[in-house]
Amino acid sequence: MSPLLKINISVDYPRNPGVLQSLTLEAHAGEIIGLVGRSGEGKSTVTMAILGLLGYKGGKCAGEILFQGRNLLELNQREMRCVRGKEIGLVPQSPLAALNPNLRLRAHLEEARRAHDGEKRDWAGLMESVSLPSEAAFLDQLPRNLSVGMAQRFMIAMAMVHRPPLLLADEPTSALDMITQAEILKLFARLNREQGVAMLYISHDLASVASLCHRVAILHQGKVVECGATGDVFQNPQHAFTRQLIAAIPQPPQSSLVAMGKALRPDWNEAETMAPEQAASEHSPVL
Amino acid sequence: MTLLRRGAIGVLMVIASAAVAPELWTPAHYATQFREAADAEPSGRFPLGTDRLGRDRLSRLVYGTRVSLLLAPAAALLSCGAAALMGGSAAVAGGLTETGIMALADLCLSLPWLFLLLTMRALLPLNVSPQTSIALTFLLLGVLGWAGPARVIFATVRKLQSSDFILQAHAAGLGPRQVFLRHLTPNLAPVLLAQFCVAVPLYVLAEATLGMLGLGVAEPLPSWGNILRELESGNALSQPWLLVPVVLLALVVASFQAVMPAQTGEKDYA
Amino acid sequence: MTKLGKVKQTRWKLYLLIAAIACGALVLGPGVLHSAALDKPAPGGELRMSLYADVKTLDPWLSDDTPSDTVRYLTEGVLIRINRRTQQPEAELATSWKVSKDGRKIEFQLRKGVQFPDGSPFAARDVISTFDHLLDPSLHAPVADSFKFDQGVVKVTAQGDYTVTAAFPVPVPGSERLFDLVAVVSAKSSSRPAPGLGAFLIQERKPGTSILLRRNPSYWKHDANGHALPYFDSVRLDIQQNRDLELLKFRRGEVSVIDVLSPDLFERLSKEAPGSVIDSGPTFDSDFMWFNQTAKSPVPANKKEWFRSEVFRRAVSGAINRADIARLVYKGHASPALGPVSPANKLWFNANIKPEVIDTSLTLKQLIQSGFTLQSGSLKDHTGAPVEFSIITNAGNKSRELMATLIQQDLAKLGIKINVVTLDFPSLIERITRSFDYEACLLGFTNVEADPNGVMNIYLSSASNHAWNPGQKAPETPWEHEVDKLMLAQAATPDYHARKKNFDRVQEIIRQQAPIVFLVHPNALSAVAPSLAGVSPSASYPHTFWNAENLFFTKKSGQ
């Protein structure tokens, strides 16, 4: 079975050439692949390149991005627009900034729908699927009335409006507190399990990667230096940089340790439905 | 907050309705000179006293309010509209259009408009009515005032374009039209409104300046501009009633600011 | 103040007031005798005054603006000085002079023992050299215009070291007065300004800020006790455009003299310190309006017809309430004008001219007799067109705007509608001197000369400053023809009584025909610190410091 997404790209910015150098990555349908790297190493550039939005930042992308057998780099603007949102969704890093402050939530959803001529529908189901209130009054809010966690759930709902086969999640939890973070990770895992959506999960937070991703790719100096099943990579890092990354994890707080522990367990999928505290108490004996 | 807004709307409505038909209730016509009572202090007959030529100050103030409050916002609307069009299209189109429009704006800002306006006045026929003259003045102010706000609009649009939510909108596959109408425009509106609110008092005062140069409101028609000029020669300390027009201007400007839709929601949901 | 366009001026200057109030002219005003004048002179101290703009030039021959004139007055010596108070010429560098019977020659005896600051003695060669340079056409000295005539220029020759003769190509009555304006510069100096023969010397100039003058140690004058003049050690001229700030400094004692006060500030100061303000009475200046009678102007034919109608002009003149203008615009510090000459000009004023009496119904009757009609409060001419015209005046001059507004209401009583149009100065000049695209104009004369010869350029129909219809090849109306004859006749004789008779008649004609409607003569208003003594206030410029060498601070407050 050919991969859902297969990329091999090099990206240059006018003032920062060689951000990505022949970066290769594959994601299969229904798979969550983590992309880990240090800040400023071009992790976000990968999402922008896949969505064909590098032009807004003046970047240039060479190589190929095969998505469902098509090379996205060869599509024209209109064709590319049909891919964005409909076939590939984006979950942003700062959910509140990603919402138009002067547009009500319902309008956000309607605009997203209209972009691809989706049929009119009641948003209650979608809201429920991301554990947001489903009553009409909620959708009449302006974004500033949401908490960050709610906003991120809403962004996930936005990304799921057209049920795309692939979600790009660009540091989706880095702006969140630990509890909210865990909830969002849970949500991602559930969506993946229930709806079969594949994800490219980009983060510098190894703990969350360990808890969520099936496979992980390590990005260093514009290249993927190591890629494999999450457990393998974390247990037996091959590349010096990967080892450095893992070693740099500060004295891990309880939940991270648990999360890592979970990642090492074959049955981790069951654990993710629990709150971190519960998970911690339940799995602590493992350590 | 809402109380303040309601108050401001009330103030504006009172001022506006007072100025709608001054003929009905002001003590005198704005041009009538009671020469035997020139420079009078406030009294029952002249509530704000009289000016140097013995004209009732209250009447002139009310008539002047009608002139200024009608025309200054109209001119501000004109220049803000032009600014939105020019600044917006420069930012959206970019490239040559941007270079061209921004160069034009810079040129406009650096031109000695006063001299151009003076030349323009010199070219007008001499026997134009004061009403025509003032309408023309504000028209010119409106047309010429686009450059400053246009740069603000341009900068705002540029900032918006690089903002997360516009990027997110693109990532969701929204078309350029959708992005412009649903995401750019609503966020531009408060900026435009602020520009408008700044422009109104600016134009009222610009008219006063132009009046000193022989443009704008010709005697005997009153405007806030030429009423404010009374302060030049008067002594506001010994004649505090000369300050009434200033207070009125401040009140109107403050009310405009307060009426501006505030950035608050109905209630917090979370 | 700005000079009138590029119009060639000969012996009078038409100044238009732009920013401030007019400077005075030559007249003996009522003045105020300063009690301090009786105090014993105390030498030393610094006199401080304000200039309203930076000086345009320090060259005494090129000075043509008030600030430059001020510096010239204080630093330069002249052969004859007009006593601003008595109006009489007084000996300065010339000890005496004699005018020949035909009025063409003046012979000066020069003062002996006068030294320039460099130690060289003042003698005839300095006067000769002064006129040689001054009359050089390439210098374009404004003051030289007074010595140039169609028939040639003045010839100045020396007879020995201390006698100088000036020969005019034509008889010039009162010619000695012209020398009041000519700074005598040393023949040895190669550049100007050179240290001169005035009471003070230029010590330091900070462009845009101030000019500091110091006492000229070699100044020739002494007071009655033999004390060398001037009394002050220095004079400080600060450039201060804001008149309110100037007033503030005066109140604080930082400025001792305000030579020219506006009526508003005068009123304000007189309430606080009544002793320090001086109203020296009417000046020779006047505010006036005139109608455009030029044949080639683009004004509609029916309007030209009104402006050329004596009845119409008289009606307008008769309807304007001059007393109200003096009272409301000048706060009482102006006199209603009877005719072209200010009553302050006692030598030439025609006292037989009666003031206008406002009689609206009589005026309307006269207008109706000459073809106008009054329909529902609006005056119509014989073509049925409403009588409506515009008055232009220079923008930024509040007094003018107020005057125009008063005139507007006065003429409304005759059913005449007036539009007041304020124009910037250059376009106003363009209209009244070149395009003639205007209907009526409201302006003022300042620095009007006392002598009828000084106003020749207004009243001769061929003159370029014949405001209402300049540069006529031949007089277009019988009365202008008569005025031409009278003006030339008065200039042809040095006999005062013959000249006065002719000029009286001119004033009557101008009054009767009203080509120019004279409105008011503003008063000369000044302020002087009570501690300043020796001031001899005058309605002519400079009002307060024309005798700067005699001024001093009384001991009590001596600075």
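Refer to the structure above for everything that follows.
Please read these numbers as outputs of a predicted model, since none were measured by experiment.

Chemist: Mind showing me how you'd approach the overall build of chain A here?
Modeler: Along chain A, the regular secondary structure elements total 13 helices and 10 strands. Looking at the 287 residues of chain A, the share that counts as buried comes to 54%. Contacts in chain A between residues at least 24 apart in sequence constitute 67% of all its contacts with a sequence separation of at least 6. When the accessible area of chain A is evaluated, it comes to approximately 12,400 Å², of which 50% is carbon and sulfur surface.

Chemist: So what exactly am I meant to see when it comes to a nonpolar patch on the surface here?
Modeler: All names here are of chain B. On the surface, Leu 104, Leu 107, Leu 111, Leu 116 and Met 120 cluster together into a nonpolar patch covering about 370 Å² of accessible area. Breaking the nonpolar patch down by element, the ones donating at least two residues are α3 (95-110) and α4 (113-123). Structurally, the position occupied by Leu 107 is in helix α3.

Chemist: Explain the sheet that holds strand β3 (residues 32-37) of chain A to me, please; I cannot follow it from the model alone.
Modeler: The strands that make up a sheet pair up through hydrogen bonds in the backbone, lying either parallel or antiparallel. Residues and elements named next belong to chain A. A sheet is described by the order of its strands in space; here six strands give the open sequence β6-β7-β8-β3-β9-β10, paired in mixed fashion. Edge positions in the open sheet fall to β6 (88-91) and β10 (223-229), since each of these has one partner strand only. Each adjacent strand pair in this sheet contributes to an overall mean axis angle of 20 degrees, direction not counted. Pairing of strand β7 (residues 166-170) with strand β8 (residues 198-203), which is carried by five bridges, proceeds in the parallel orientation. Looking at the pairing, Leu 167 lines up with Met 199 of β8.

Chemist: I keep staring at helix α6 (residues 147-161) of chain B and nothing clicks. Help me out?
Modeler: Side chains of residues three or four places apart in an α-helix project in the same direction, reflecting 3.6 residues per turn. In this model α6(B) runs 21 Å from its N-terminal to its C-terminal C-alpha over 15 residues, within 8% of the 21 Å that 1.5 Å per residue would give. Ala147(B), Pro149(B), Ala150(B), Ile153(B), Phe154(B), Thr156(B), Val157(B) and Leu160(B) are the residues of α6(B) that are buried.

Chemist: Would you mind going over the pattern of salt bridges with me for this structure?
Modeler: Close approach of charged atoms allows side chains of opposite charge to pair. Residue and element names in this part refer to chain C. With the rule as written, the count across this model stands at 49 salt bridges over all chains. Of the charged contacts in the structure, one is a salt bridge between Glu 356 and Arg 314, with a shortest N-O distance of 3.5 Å. Of this pair, Glu 356 sits in the loop between β18 (334-336) and α8 (360-369) while Arg 314 sits in helix α6 (residues 310-319), and the two are 42 residues apart along the sequence.

Chemist: What should I look at first to understand the interface of chain B and chain C in this one?
Modeler: Accessible area lost upon the coming together of the parts is a frequently used measure of interface size. With 30 residues of chain B in contact, the opposing surface of chain C contributes 36 residues. Buried surface at the junction of chain B and chain C, summed over both partners, amounts to about 2,600 Å²; 45% is from carbon and sulfur atoms. Three residues stand out in chain B for area buried against chain C, namely Arg35(B), Arg52(B) and Leu126(B), and they jointly supply 32% of the buried area on that side. Applying the counting criterion to the chain B and chain C interface returns four salt bridges.

Chemist: Which parts of the structure should I look at to understand the interface of chain A and chain B?
Modeler: Contacts between the two partners involve 37 residues from chain A and, on the opposite side, 23 residues from chain B. For the chain A and chain B pair, buried surface summed over both sides reaches about 2,500 Å², with 52% attributable to carbon and sulfur atoms. Between chain A and chain B we count one salt bridge in total. The salt bridge involving Arg182(B) is made with Glu111(A); its shortest N-O contact spans 2.8 Å. The tally of links from chain A across to chain B stands at 12 residue pairs in polar contact (both at pLDDT 80 or more). Going through the elements one at a time, α1 (43-51), β6, α3 (105-115), α5 (136-139) and α6 (148-159) of chain A are the ones with two or more residues in the side of chain A that touches chain B. Per-element accounting of the side of chain A that touches chain B gives the leading share, six residues, to α3(A). Residue classes in the side of chain A that touches chain B are distributed as 20 nonpolar, nine polar and eight charged.

Chemist: Looking at this structure, how should I read the packing of aromatic side chains?
Modeler: The relation between two aromatic rings is expressed through the spacing of the ring centres and the mutual angle of the planes. Across all of its chains, the model carries 30 aromatic pairs over all chains by this definition. Both rings, one in Tyr219(C) and one in Trp220(C), keep their centres 5.9 Å apart while their planes meet at 45 degrees; by these two values the pair is tilted. Of the residues examined, Tyr219(C) reaches a relative accessible area of 7% and is grouped as buried. Overall, the relative accessible area of 17% leaves Trp220(C) in the buried class. Members of the aromatic cluster, connected to one another through ring pairs, are Phe108(C), Phe131(C), Phe147(C), Phe149(C), Phe168(C) and Phe179(C). Here the guanidinium or amino end of Arg45(B) rests over the ring plane of Phe34(B), the centre of that ring lying 4.9 Å away. The positively charged end of Arg72(C) is found above the aromatic ring belonging to Tyr73(C), 5.3 Å away from the centroid.

Chemist: Help me understand the pairing of strand β13 (residues 210-215) of chain C, please; the structure alone is not making it clear to me.
Modeler: Within a regular strand, side chains alternate between the sheet's two faces. Residues and elements named next belong to chain C. When strand β12 (residues 200-206) meets β13, the two strands line up antiparallel, connected through six bridges. From the neighbouring strand, Leu 201 faces β13, where its bridge partner is Arg 214. Two successive antiparallel strands, β12 and β13, enclose a turn made up of three residues, where Gly 208 displays a positive phi of approximately 80 degrees. As paired strands, β13 and strand β14 (residues 234-239) are joined by five bridges and run antiparallel to one another. Looking across to β14, one finds that Ile 211 is bridged to Leu 237.

Chemist: Would you explain the sheet that holds strand β6 (residues 94-99) of chain C in this entry?
Modeler: Residues and elements named next belong to chain C. As summarised here, the arrangement of the four strands in space is β6-β7-β11-β10, forming an open sheet in which the pairing is antiparallel. In this open sheet, the two strands that pair with only one neighbour each are β6 and β10 (155-158). The average angle at which neighbouring strand axes cross in this sheet is 20 degrees, direction not considered. Here β10 runs beside strand β11 (residues 163-167); their pairing, made up of four bridges, is antiparallel. Counterpart to Val 156 in the pairing with β11 is Ala 166. Across the sheet, helix α2 (residues 124-134) lies against β7 (105-110), β10 and β11, angled at about 160 degrees from β10, the strand it touches most.

Reading the values: rules and limits
- Per chain, the residues get numbers from 1 upward, laid out in the order the sequence is written.
- Chains carry letters and ligands carry numbers; both start at the beginning, A for chains and 1 for ligands, and go up in the order they are written.
- Only residues with pLDDT of at least 70 get local features here, since the model is predicted, and only at 80 or more are side-chain atom pairs given and counted; chain-wide, interface and lining totals rely on the full set of residues.
- In computing side-chain values, all of the structure's heavy atoms are included and hydrogens and water are not.
- Elements are defined by DSSP. Helices are runs of H or I of four residues or more, strands are runs of E of two residues or more, and each kind is numbered from the N terminus.
- Burial here depends on accessible area, computed with a 1.4 Å probe over protein chains only, as a share of the maximum for the residue type. Under 20% is buried, over 50% is exposed, and the range in between is partly exposed.
- In this description, contact between two residues means that some pair of their heavy atoms is separated by no more than 4.5 Å.
- To measure how exposed things are, a 1.4 Å probe is used in the Shrake-Rupley method; for residues, cover is taken only from the protein chains shown.
- The patches described consist of residues with a relative accessible area above 30% and no salt bridge, like charges being joined within 9 Å and nonpolar side chains (Val, Leu, Ile, Met, Phe, Trp, Tyr) within 5 Å.
- Salt bridges are identified by distance alone: a Lys or Arg side-chain nitrogen within 4 Å of an Asp or Glu carboxyl oxygen.
- Here, any two strands with at least 2 DSSP bridges between them count as paired.
- What counts as an axis is a line fitted to C-alpha atoms, over the stretch in contact for a helix, and the angles between N-to-C directions run from 0 to 180 degrees.
- Expected span, for any helix, means 1.5 Å times one less than how many residues it has.
- Here's the idea: put two parts together, see how much 1.4 Å probe accessible area each one loses, and the total over both is what we call buried area.
- Counted as a polar contact is a pair of N or O atoms within 3.5 Å, where, for protein atoms, one must be capable of donating a hydrogen and the other of accepting one, and residues adjacent in sequence contribute only when both atoms are in side chains.
- Classification convention: Asp, Glu, Lys, Arg as charged; Ala, Val, Leu, Ile, Met, Phe, Trp, Tyr, Cys, Pro as nonpolar; all other residues, Gly among them, as polar.
- In summary, the pairing rule links any two rings of Phe, Tyr or Trp, Trp by its six-membered ring, whose centres are within 6.5 Å, and it sorts them by plane angle into stacked for under 30 degrees, edge-to-face for over 60 and tilted for everything else.
- Criterion for a charge above a ring: Lys NZ or Arg CZ within 6 Å of the ring centre, and within 35 degrees of the ring normal.

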